[in-house]
Each structure stands twice: as structure tokens, then as C-alpha cells.
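Each chain is listed here by its residues.
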Amino acid sequence: MIYPIVKLGDPVLEKPAETVTIFDDELKQLIEDMFESMYAAHGIGLAAPQIGISRRIAVVDVTFKEDPNAKVVLINPEITHMEGRQSQSEGCLSIPDFRENVARALRVTVRAQNVNGKWQEHTGEDLLARAFQHETDHLNGKLYIHRISALKRDLIKRKVRKLAKAGEW
Ligand code: NI
């Protein structure tokens, strides 16, 4: 099932998500649905709050279906190591049509549970490291606009309010 994507302004995006404790068939189905919803929205990462579900689950595929082995499921993720620095243009499915340069670590290690509850470590750099940081942020109620200047953030928020007023958000 394809879920609609929740947009900036919905409080679910800005509150910390709940820890996952039950690893059952319902969770497996939700993760499948999250990949399906992410691809349908042309994204390379999706966190559960973005479909209105406040649970610590994210999916990532920086190859966008090219490589089935590139699909990453992150449940209850914690970034355990960060190094280096990159600054690249970044967007978010919940803030469509906006992009800003965001400073991130270049290389990160994230510890997360898989669909069966097993703890695993994933290391990524460049775009993958960016995706791990962006999605983990989502689960902490943080968006990329919280990592740019207040001036740029207010500008985006003002434009979004205008779009919402016009019924275009
Ligand atoms: Ni996002």
C-alpha cells in the first residue's frame, strides 16, 4: 500500500518517534509499504513519521531500485560514529520543491535493528551518510531546515504558509 506523504506543518514531523519493540508481520508489511511509498514519491529515504506513523523506522535506497542490495532498513537507529564534513544540496519529501545546502558528516556508522530485531551496523559515506543522518534526524523530530540558518528556514516557512493559504500545500 502506498501512503500519502505528510508535509511540513504537520506536528508528527517535529516530535520524537516511539521506539519499536515488537518485530512481527505487521512491522514487515509496514516496511514493505514504506519502500513502496518512498519509490512512488521518487525518494531515496523515508522515515515513518513522514507517513504519519510516529515510530522509529526508516528505509533508504540511494540507488533508487538499481541495486536490490542497497536497500537499508533502519529500526531504532543511533549514529555511533561521524567523521569528516560535506555540504551538499538536500531536499525532503515532506518539504517538496525546496532544497538547501546542509552541512553533514562525510562518513557515519549507524547501529540499527533489522526487521527481525537483530542489531546491525551500517557504514556509509557521501550520499549514503547524508541519508542516514537525514532519516535518523526525522526520527528525532528534526528536519533539514533545522540545520540551516534561521533566515533561510524562515523564508521556506513563509513560502510554505503562503502555499498552504492558497491550498497548494
Ligand atoms: Ni526527509
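Shown above is the structure to which this text applies.
Residues numbered from 1 in each chain as written. Predicted model: local features only at pLDDT ≥ 70, side-chain atom pairs only at ≥ 80, totals over all residues. Heavy atoms only, no water.

## Some thoughts on the side chain of D137
Rules: Elements are defined by DSSP. Helices are runs of H or I of four residues or more, strands are runs of E of two residues or more, and each kind is numbered from the N terminus. For the exposure calls, accessible area comes from a 1.4 Å probe over protein chains only, and a residue counts as buried if that area is under 20% of its type's maximum, exposed if over 50%, partly exposed in between. For this analysis, a polar contact is any N or O atom pair within 3.5 Å, provided that within protein one partner can donate a hydrogen and the other can accept it, and provided that sequence-adjacent residues contribute only side-chain to side-chain pairs. Contacts: residue pairs with any heavy atoms within 4.5 Å of one another.
Tracing the chain through its elements places D137 in helix 2 (residues 127–139). You can call D137 buried: its relative accessible area is 8%. Polar contacts involving the side chain of D137 include one to the side chain of R147, which spans 2.6 Å. Residues in contact with D137, not counting those within four places in the same chain, are R104, K142 and R147.

## Observations regarding unusual backbone geometry
Residues other than glycine seldom take positive phi values, yet H42 does so here, at roughly 65°. If you trace the backbone, H42 turns up in the loop between helix 1 (25–40) and strand 1 (45–47). On the basis of relative accessibility, which here comes to 66%, the residue H42 falls in the exposed class. Phi at D126 is positive, roughly 50°, even though this residue is not glycine. Tracing the sequence through the fold places D126 in the loop between strand 7 (119–125) and helix 2.

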